[in-house]
Amino acid sequence: MEFLDSERGQSVQVGAILLFGILVIGLSLYQATVVPQETKSTEFEAYLDASDDLVSLHNDILTGATEDVQSGTVVQTGVRYRPRALFVNPGPPTGSLSLSDARTITVAGADAVDGEPDSVEAVWDGSPRQYQTKVLRYSPDYNEFDAESVSVTGLSVQRETGTNVVPLSGQTLLSGDRLTVVALDGRLGQAGVQTPLAVTPVTSAARTVTVTNSSGDDIEVTAPVGTNATAWNRSVAADRMRENDRVVSISDLDDATDASNTLVRITLDGDETYELRLAKVELTSASATPSVDNPAAEYIVPATTGVTAVPGGTASVVVEARDGYNNPVEGEAIDFELTGDATPTSQTITTNDDGRAKFTFTVDSDASGDITIEASSDFDDSGTVESTESTTYTIPVTNGSGGGSGSGSGSGDGGSTDEINPPNDQEGDVILEGARELSSKNEVNITLNNTGEERTISSFRVSFHYPNSADKFASGVQFNGSPEQDIGAQQYELEEHSVQLVAGEQKNVTLAFSPSGSVNADGDFFILSVKFDTGESATYFVAVPAKEPTSGTETGNGNGSGNGN
């Protein structure tokens, strides 16, 4: 039959073509649907990593601001997709990090309490104090995942999602009575898959000023939050801040005052006292050289009290130059002028890395009457030395039996302040010789050397505690077996737990931080203030050594020492 000789298509070939077509369609569908979903999932994970990196960066900012430590963080600003054998990934996205234009932080209504140096009281007199800061913004640019920007300020880290704000960290402005203002500066415009950043302290919070409002009004802090202020005011971060009884209100500003709606005003109870710390840090790429200038010195405070002189002997006075952030300034020339029976009569001394200048003089063998020493510097080069730019010591010349008091007087701070970390060679001080962690981990043993007359520690407070690395913050502390007191609480009267300091002898005192199962004092830093039964007081900046010595004897190098006045 003819059909047996006809030419037909081969079924195997047709089937292969059909199968190949189905395979191509399947691969195309996978590339068009599954690959974008996997890409989106990968980008979401990268976005979470970037958010965690920015929280770590904020922690580095706070550490640099309070401990004067330079650090660095790598932010995962982009994505590296896993390789594919058959399918094609989109090009790697590169998010960007940038710093905004300068914004203003304002602290208004804050008066330095009585007992602070005169120049500190003149600077912190309730009038508004302004500090320039910037906002760091991370702008992601993923291929599939629609991610919101994340902003970092000296106050907090947050993500803006439509009309809401999601805080990624707790606020660090107010904790108990501690008020920590951190300004950001620098130049940054980085884009890439990974962006290494450096955090460099410009002026770290080495000094604390106690403030209140002397007229009974409120204290107001206005600061940028890096996002929609109205939304931030509704966020969990603002609600947590409102839990502090000292907070009167938190509000965003009106359009006329803040057209960008990125500033919030925190109103604090002016009847309370606050431990105010200010700092400024610079953000740069890791390869860039820091370029922000250190703040210039603004005022002088006396750093020694109770100075007396004897005929034929030598004595010293120390002053400290501070910037507008209340922190010591190195490299400032201080002019000392002496009037009385002593030499030299004048000398210019440059402040050291602690911001201090020490003037030593020799008293004439036949000296009588008082010796007056004025320390001054025209910090702002105005041609006039302001009252805050000088301090005067009036030092009695005694017959060697002691009993004189050398509190300063005149146009400066009057030498009437507690001495914080005085030189170890200043007789009469109660000096912190060392600090070490005990075997219970949450306990610290400090060694006090009483170089003056016998006295008793009658009350104490720990105003600040900062843990080492990932350790937990302490919530309370016991001093020499006393009942537990909150960190940042007012002075506690020790009564039966008071500590007697014998003249010319050292005394070990134990502080126990709580919660005991969570706090590890190794490498921690805290500020201890004590009062003596003589009416004197002292403040110590204590750094517990991070590593115990390998020798058989445990010793510590406390970095603080103090003196009463």
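Residues numbered from 1 in each chain as written. Predicted model: local features only at pLDDT ≥ 70, side-chain atom pairs only at ≥ 80, totals over all residues. Heavy atoms only, no water.

*Asks:* Before we move on, can you summarise the overall build of the protein with the specific residues and values?
*Replies:* Within the protein one finds four helices and 38 strands. With 565 residues in all, the protein has 50% of them scored as buried. Intrachain contacts of the protein at a sequence separation of at least 6 include 69% that bridge at least 24 residues. Split by element, the accessible area of the protein, about 25,300 Å² in all, is 45% carbon and sulfur. (Helix = DSSP H or I, 4+ residues; strand = E, 2+ residues; numbered from the N terminus. Buried < 20%, exposed > 50% of the residue type's maximum accessible area, 1.4 Å probe, protein only. Contact = heavy atoms within 4.5 Å. Areas by Shrake-Rupley, 256 points an atom, 1.4 Å probe, with all protein chains shown as cover.)

*Asks:* A description of unusual backbone geometry should follow, citing residues and the corresponding values.
*Replies:* In this structure, the amide linkage connecting Thr343 to the following residue, Pro344, adopts the cis form with an omega of 0 degrees. Considering the arrangement of structural elements, one finds Pro344 in the loop between β22 (342-343) and β23 (346-350). For the peptide bond that leads from Ser514 to Pro515, omega is 5 degrees, which places it in the cis range. At Asp68, a residue that is not glycine, the phi angle is positive and equals roughly 60 degrees.

*Asks:* Run through the packing of aromatic side chains, naming residues and quoting values.
*Replies:* Scanning the entire structure with this criterion turns up eleven aromatic pairs. Plain terms: the ring middles of Phe44 and Phe145 are 5.4 Å apart, the flat faces sit at 80 degrees to each other, and that makes the pair edge-to-face. Remark: Phe145 occurs in the loop between β6 (136-139) and β7 (150-152) and Phe44 occurs in helix α1 (residues 11-67); sequence separation between them is 101 residues. Look at Phe44 and you get partly exposed, because its relative accessible area is 38%. Accessibility expressed as a relative area gives 17% for Phe145, which makes it buried. Each residue in the set Phe44, Tyr47, Tyr142 and Phe145 is aromatic and connected to the rest through ring pairs, giving one cluster. One residue, Arg129, lies across the ring of Trp124, its end atom 5.5 Å from the ring centre. (Phe/Tyr/Trp six-rings, centres within 6.5 Å; stacked < 30°, edge-to-face > 60°. Lys NZ or Arg CZ within 6 Å of the ring centre and 35° of its normal.)

*Asks:* Explain the nonpolar core to me, using residue names and the numbers behind them.
*Replies:* Formed by 38 residues in total, the largest nonpolar core has its most connected members in Trp124, Leu173, Trp232, Met241 and Leu268. The residues touching Trp124, leaving out its near neighbours within four places in the chain, are Val107, Ala110, Asp111, Ala112, Arg129, Tyr131, Val209, Leu276, Leu278 and Asn326. (Core = buried A, V, L, I, M, F, W, Y, C linked by side-chain atoms within 4.5 Å.)

*Asks:* Can you break down the sheet that holds strand β17 (residues 263-268) residue by residue, with the values?
*Replies:* The strands making up a sheet associate through hydrogen bonds between their backbones, and the pairing can be parallel or antiparallel. In spatial order, the strands read β5-β3-β15-β17-β16; together these five strands make up an open sheet with antiparallel pairing. Looking at which strands have only one partner, the edges of the open sheet turn out to be β5 (129-133) and β16 (247-252). Pairwise comparison of adjacent strand axes, ignoring direction, gives a mean angle of 20 degrees for this sheet. Note that strand β15 (residues 219-224) and β17 share six bridges and pair antiparallel. (Pairing = 2+ DSSP bridges. Axes fitted to C-alpha atoms, helices over the stretch in contact; angles between N-to-C directions.)

*Asks:* Please set out the pattern of salt bridges residue by residue, giving values where relevant.
*Replies:* A complete count under the given rule lists twelve salt bridges for this structure. The closest approach of N and O atoms between Arg129 and Glu298, which form a salt bridge, is 3.0 Å. Here Glu298 lies in strand β19 (residues 297-302) and Arg129 lies in strand β5, a separation of 169 residues in the sequence. The class of Glu298 is partly exposed, set by a relative accessible area of 28%. In this structure, the salt-bridge partner of Arg322 is Glu320, at a minimum N-O distance of 2.8 Å. One network of salt bridges, in which partners are shared, links Arg207, Glu320, Arg322 and Arg356. (Salt bridge = Lys/Arg side-chain N within 4 Å of Asp/Glu carboxyl O.)

*Asks:* Help me get a handle on the pairing of β19, residues and values and all.
*Replies:* When you tally the buried positions in β19, you get five out of six residues, the bulk of the element. Sheet analysis places β19 next to strand β20 (residues 314-323), joined by five bridges and oriented antiparallel. Across the sheet, the residue bridging to Ala297 is Asp323, located in β20.

*Asks:* I'd like a rundown of the environment of Ile395, residues and numbers included.
*Replies:* Relative to the assigned elements, Ile395 resides in strand β26 (residues 390-396). It is 6.2 Å that separates the C-alpha atoms of Ile395 and Thr372, two residues lying 23 residues apart in sequence. Those residues in contact with Ile395, other than ones at most four positions away along the chain, are Val307, Thr308, Ala309, Val317, Phe361, Gly369, Asp370, Ile371 and Ile373.

*Asks:* Provide a residue-level description of the environment of Met241, including the pertinent values.
*Replies:* Looking at the secondary structure, you find Met241 in helix α4 (residues 236-242). Since its relative accessible area comes to 1%, Met241 is described here as buried. Separated by 66 residues in the primary sequence, Met241 and Ser175 place their C-alpha atoms 8.4 Å from one another. Discounting residues that sit within four places of it in the chain, Met241 has contacts with Leu155, Gln171, Leu173, Trp232, Val247, Ile250 and Ile266.

*Asks:* So what about the confidence of the model for the protein? Which residues, and what values?
*Replies:* Averaged over every residue, the pLDDT of the protein is 84; residues scoring 70 or more account for 88%. Scored below 50 in pLDDT, residues 400-418 shows 61 contacts in the model against residues more than four places distant or in partner chains. Under a pLDDT of 50 for its full length, residues 548-565 has, in the predicted model, 63 contacts with residues more than four places off or in other chains. (pLDDT = per-residue confidence, 0-100.)

*Asks:* Account for the sheet that holds strand β24 (residues 356-363), with residues named and values stated.
*Replies:* If you trace the four strands from one edge of the open sheet to the other, you get β19-β20-β24-β22, paired in antiparallel fashion. With one partner strand each, in any of the chains shown, β19 and β22 form the two edges of the open sheet. In the sheet, β22 pairs with β24 via two bridges, with the strands oriented antiparallel. Looking at the pairing, Ala342 lines up with Val363 of β24.

*Asks:* Requested: an account of the side chain of Ser316, with residues and values cited.
*Replies:* Here Ser316 lies in strand β20. Side-chain polar atoms of Ser316 contact the side chain of Thr360, separated by 2.8 Å. (Polar contact = N/O pair within 3.5 Å; in protein donor to acceptor, adjacent residues only side chain to side chain.)

*Asks:* Summarise the side chain of Thr73; cite the residues concerned and give the values.
*Replies:* Tracing the backbone through its elements, the reader meets Thr73 in strand β1 (residues 71-75). We classify Thr73 as buried; its relative accessible area is 10%. Reaching out from Thr73, the side chain makes a polar contact with the side chain of Asp60 at a distance of 2.4 Å. Setting aside its immediate chain neighbours within four residues, Thr73 contacts Asp53, Ser56, Leu57, Asp60, Thr195, Pro196 and Leu197.

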